Amino acid sequence: MGTDAPVLVDEKMAHPGVGESDGRASRPGTSRNLYLGVVLFAAAVYLGCMISPPSLMDDVDSVQAQIARHMLSSGDWVTARLDGVSYLEKAPLVYWAMAVSYKIFGVHDWAARFPISLSAIGLCWLAAAFGAWAFGRRAGFYSGLCLATCVGLFLFTRILIPDVMLTFTVTLALWAMLRALDDQERHPTAWAFVLAASLGTGLLLKSLVAVLFPLATGFIFLLVTRQLFSARTWERLHPFSGLAIVLLIAAPWHILATLRNPPYFDFTFHSVPGQYHGFLWFFFMNEQVLRFLNLRYPRDYNTVPRLYFWLLHLVWLFPWSVYLPAITKLSFNPVDRAGRTRLLAICWIGFVLIFFTFSTTQEYYSMPCYPALALLLGAAMAEDTIWIRRGTRVLGALAGIMALVAFVLYFRVRNMPAPGDISVALSRHPKAYSLSLGHMEDLTLSSLAYLKGPLLLAGLSFLVGALGTIRATARRAFLATALMMVIFFQAARLAMVAFDPYMSSRPLAESLLRSPAGKLIFDGTYYNVSCIVFYTNRDVLLLNGRRDNLEYGSYAPGAADVFINDSQFAKLWAQPERYYLVASESALSRFENLVGHEQLIVVDRSGGRVLLTNQQLAPAAGLTTVSQQASKPSQIVDCEGSSCGLHGRQI
């Protein structure tokens, strides 16, 4: 793909629909500068925000990281496991990528994030290359810039989910299809094979949707452009050779996972507790078909209202969503490469959004259509129409208002004390937690005292955006906006550091590492405080935690017996061996009734959680029993379910 620059020169001169609005052809050097500029902006965001802290969060963040660590240490790269229990619901490529990162850099939280960050940067480069090929280098640069600095891609790469990798494969597959069908393409067969390789790789990332999205989009596009029944189309796409490539890439893992996790064939349409049907049924029937129909068990996921699912794209594409009206002025007539790409983007966006409208929805499920939106935005921004200029004025006004709000809030709280951690100052709105930004409702004025630095930096970022868009040329306004978002994302990272005790149980993990050896018990599901397992690398017993994602694998032959009930817990707690318990502070009264308050020695508290032990520790540690701390005020935060996470479990 690095050899495309000379091709761009010939093709743009031959086709009026491809090239710069000023008619100048791309030169190899300027094409390299375009890619370098996009990569630098993306790297400033994704590599800059990869470092720790913030720590890995409880819930899916630490779960994914720990699965990858187990694969590396056990040598079993086929069956994912957590706490000795098979975890069969996800494809393995994201775990493999993290395990390779651990092998190179060592087991660190930032090493777990590295493949996701690299994929985000690669996706931004891919959008720029796609846009430059279709519309010219200026539009390509703007497309990559939109993707690199939009809110959605940043927000949904803060957790270790493979959706950005999936988006890369979908984007590459659709670009490869267009290139294979392009009359001016010198190597159509090679691009047909790239299409097939992208589909096979996608299967190892997110299973069937990785094939469905590009194939369905391609089908609609070919039907609309009357190419579906053309012999030339299928001669250039090489479907049979492509199928062989897809199977060569994806089939080995699926076959091995099926053989190692029998029974092999089960076609029941019922997903109920207590039944184990092997890998093949769970991975395809339960996780693909029944999840789509909202009949999957365990139902450990929420669904976002359809109207929110659609409207929130104005947030996910911010700040570039102000230019969405300009897209309506573009031509979608497929008479040239630019028109075909725009039409493909519409088919792409429409299918993804409509597909999830009739399924269970999470906000990040639509990430695979972000590049299509970025391509259309980039094409519109390169035209610099009246709608673009109006959008810039709206954006400048919004940035000015947000700067004013941030500075006012900063001056309101600059002298406020910030004792303890931020959890003591937050309110709770569990009904909002099905939304990725639901925890924003937890903020109070006193909680902003813990965010003084992020508030000041956010205000400065918006000030940069407001000043940079005043009477500026289009290019300067776009660059100022991108710089605004780079600074804002760094402010967001600092805010997440302040939220560490609330979103992550790492402080308890550090206390545990400083304490004498003992066996670990979690009250509730593994996900609630999963980052303790990652940062301590210990096995754990789960008290009343046989539900949600580990429930199905717990019934597999040979699964580790890690689930205990209240009576078993009471017996273990009375043993002379040391045990540690991690629970919500709101559950302390229940444990006092089970074992007596004198048997609950507090080791540490953080973010509404408490670390307890059943054996006295050295007096120098300053530890007390629950009864001795009863008079001390503490914020009660119920972390049951996913109320203290970013809900990454719902992938």
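The structure displayed is predicted, hence computed values, not measured ones.

1. Regarding the overall build of the protein chain
Moving on, step 1. Within the protein chain, the secondary structure is distributed over 27 helices and nine strands.
Moving on, step 2. Going through the 651 residues of the protein chain one by one, you find that 59% of them count as buried.
Moving on, step 3. Relative to all contacts within the protein chain whose residues are 6 or more apart in sequence, the contacts with residues 24 or more apart total 75%.
Moving on, step 4. Of the accessible surface of the protein chain, which amounts to about 25,500 Å², a share of 64% is contributed by carbon and sulfur atoms.

2. What to know about the pairing of strand E6 (residues 579–584)
Moving on, step 1. Judged by how many residues are buried, E6 sits mostly within the fold: six of six residues are covered.
Moving on, step 2. Taking every second residue as pointing to the same face, both faces of E6 are buried, with Tyr579, Leu581 and Ala583 on one and Tyr580, Val582 and Ser584 on the other.
Moving on, step 3. Bridge count between strand E3 (residues 519–523) and E6: four bridges; the pairing is parallel. Bridge assignment links Phe522 to a residue of E6, and that residue is Val582.
Moving on, step 4. Examined bridge by bridge, E6 and strand E8 (residues 609–613) share five bridges and lie antiparallel to one another.

3. Details of the environment of Leu572
Moving on, step 1. Mapped onto the elements, Leu572 comes out in helix H26 (residues 566–573).
Moving on, step 2. Spatially, the C-alpha atoms of Leu572 and Asn614 are 9.4 Å apart, while their sequence positions differ by 42 residues.
Moving on, step 3. Non-local contacts of Leu572, meaning those with residues more than four positions away in its chain, are made with Leu541, Ile564, Tyr579 and Asn614.

4. What to know about helix H18 (residues 370–383)
Moving on, step 1. With 14 residues, H18 extends 20 Å between its outermost C-alpha atoms, agreeing within 8% with the 20 Å of an ideal straight helix rising 1.5 Å per residue.
Moving on, step 2. In terms of residue burial, H18 counts as a mostly covered element, since 13 of its 14 residues are buried.

5. Remarks on unusual backbone geometry
Moving on, step 1. Cis rather than trans, the peptide bond between Pro262 and Pro263 has omega equal to 5°.
Moving on, step 2. By the secondary structure assignment, Pro263 is in the loop between helix H12 (239–260) and helix H13 (278–292).
Moving on, step 3. A cis amide bond, omega 10°, links Phe318 with the succeeding residue Pro319.
Moving on, step 4. When you line up the elements, Pro319 lands in the loop between helix H15 (313–316) and helix H16 (324–327).
Moving on, step 5. Residues other than glycine seldom take positive phi values, yet Arg471 does so here, at roughly 50°.

6. So, the pattern of salt bridges
Moving on, step 1. The full count for this structure, using the stated rule, is 16 salt bridges.
Moving on, step 2. Among the ionic pairs, Lys90 bridges to Glu89, the shortest N-O distance being 4.0 Å. The exposure classification of Lys90 matches that of Glu89, with both residues buried.
Moving on, step 3. Overlapping salt bridges, with partners in common, bring together Asp76, Arg81 and Arg260 in one network.

7. A few points about the pairing of strand E7 (residues 601–606)
Moving on, step 1. Where E7 lies against E8, five bridges are found, and the strand directions are antiparallel. In the strand pairing of E8, Ser606 is matched with Arg609.
Moving on, step 2. Connecting the antiparallel pair E7 and E8 is a turn made up of two residues, with Gly607 showing a positive phi of about 60°.

8. Quick notes on the packing of aromatic side chains
Moving on, step 1. Under the counting rule described, the total for this entry stands at 38 aromatic pairs.
Moving on, step 2. Relative to Phe279, the ring of Trp253 lies with its centre 5.4 Å away and its plane at 85°, an arrangement referred to as edge-to-face. Of the two residues, Trp253 sits in helix H12 while Phe279 sits in helix H13, which places them 26 residues apart along the sequence. We note that Trp253, like Phe279, is buried.
Moving on, step 3. Directly above the ring of Trp387 sits Arg390, whose terminal nitrogen or CZ lies 4.8 Å from the centroid.
Moving on, step 4. When the ring centre of Tyr555 is taken as reference, the NZ or CZ atom of Arg546 above it lies at 4.1 Å.

9. Brief notes about the packing of helix H5 (residues 109–135) against helix H8 (residues 163–181)
Moving on, step 1. Axis separation between H5 and H8 bottoms out at 9 Å; the angle between their running directions is 25°. One way to sum up the angle between H5 and H8 is to call them roughly parallel. H8 is crossed by H5, and the crossing has left-handed handedness. Between H5, through Pro115, Ile116, Ser119, Ala120, Gly122, Leu123, Leu126, Ala129, Phe130 and Trp133, and H8, the contact on the second element is made entirely by Val164, Met165, Thr167, Phe168, Thr171, Leu172, Trp175, Leu178 and Arg179.
Moving on, step 2. When grouped by side-chain class, the residues that make up the contact of H5 with H8 number 14 nonpolar, four polar and one charged.

10. Remarks on a nonpolar patch on the surface
Moving on, step 1. There is a patch of nonpolar side chains on the surface, built from Trp77, Val100, Ile104, Phe105 and Trp110 and spanning about 450 Å² of accessible area.
Moving on, step 2. Here the nonpolar patch takes three residues from helix H4 (residues 93–105), the largest share from any one element.
Moving on, step 3. Here Val100 is to be found in helix H4.
Moving on, step 4. Using a relative accessible area of 42% as the deciding quantity, one classes Val100 as partly exposed.

11. What about the confidence of the model for the protein chain?
Moving on, step 1. Averaged over every residue, the pLDDT of the protein chain is 88; the share at 70 or more is 89%.
Moving on, step 2. The low-confidence segment residues 1–26 (pLDDT under 50) makes 53 contacts with residues lying over four places distant or belonging to another chain.
Moving on, step 3. Low pLDDT, under 50, characterises residues 627–651; the predicted model gives this stretch 89 contacts beyond four residues in sequence or across chains.

12. Topic: the environment of Ala120
Moving on, step 1. The topology assignment puts Ala120 in helix H5.
Moving on, step 2. According to the relative accessible area criterion, Ala120 is buried, its value standing at 0%.
Moving on, step 3. It is 8.2 Å that separates the C-alpha atoms of Ala120 and Phe168, two residues lying 48 residues apart in sequence.
Moving on, step 4. In contact with Ala120, other than residues within four places in its own chain, are Tyr46 and Val164.

13. Describing the environment of Lys206
Moving on, step 1. Turning to its location among the elements, Lys206 is positioned in helix H9 (residues 188–206).
Moving on, step 2. Considered as a pair, Lys206 and Asp163 are 43 residues apart in the sequence and their alpha carbons are 7.6 Å apart.
Moving on, step 3. Within the structure, the side chain of Lys206 is placed 3.3 Å from the side chain of Asp163, a separation counted as a polar contact.

14. Looking at H13
Moving on, step 1. Here H13 contains 15 residues, and its C-alpha end-to-end distance of 20 Å stays within 8% of the 21 Å for a straight helix at 1.5 Å per residue.
Moving on, step 2. At Asn286, H13 is deflected by roughly 35°, the largest bend along its length.
Moving on, step 3. A large share of H13 lies buried, amounting to 11 of its 15 residues.
Moving on, step 4. Taken together, the buried positions of H13 are occupied by Gly278, Phe279, Trp281, Phe282, Phe283, Met285, Asn286, Glu287, Gln288, Leu290 and Arg291.
Moving on, step 5. Where the residues of H13 are buried, they touch H12 and helix H25 (551–554).

Quick notes on the rules
- Residues numbered from 1 in each chain as written.
- Predicted model: local features only at pLDDT ≥ 70, side-chain atom pairs only at ≥ 80, totals over all residues.
- Heavy atoms only, no water.
- Helix = DSSP H or I, 4+ residues; strand = E, 2+ residues; numbered from the N terminus.
- Buried < 20%, exposed > 50% of the residue type's maximum accessible area, 1.4 Å probe, protein only.
- Contact = heavy atoms within 4.5 Å.
- Areas by Shrake-Rupley, 256 points an atom, 1.4 Å probe, with all protein chains shown as cover.
- Pairing = 2+ DSSP bridges.
- Expected span 1.5 Å × (residues − 1).
- Salt bridge = Lys/Arg side-chain N within 4 Å of Asp/Glu carboxyl O.
- Phe/Tyr/Trp six-rings, centres within 6.5 Å; stacked < 30°, edge-to-face > 60°.
- Lys NZ or Arg CZ within 6 Å of the ring centre and 35° of its normal.
- Axes fitted to C-alpha atoms, helices over the stretch in contact; angles between N-to-C directions.
- Parallel < 35°, antiparallel > 145°, perpendicular 65-115°, else oblique.
- Left-handed = near helix turned anticlockwise from the far one by under 90°.
- Nonpolar A, V, L, I, M, F, W, Y, C, P; charged D, E, K, R; others polar.
- Patch = residues over 30% accessible without salt bridge, like charges linked within 9 Å, V, L, I, M, F, W, Y side chains within 5 Å.
- pLDDT = per-residue confidence, 0-100.
- Polar contact = N/O pair within 3.5 Å; in protein donor to acceptor, adjacent residues only side chain to side chain.
- Bend = angle between axes of the 7 residues up to and from the residue.

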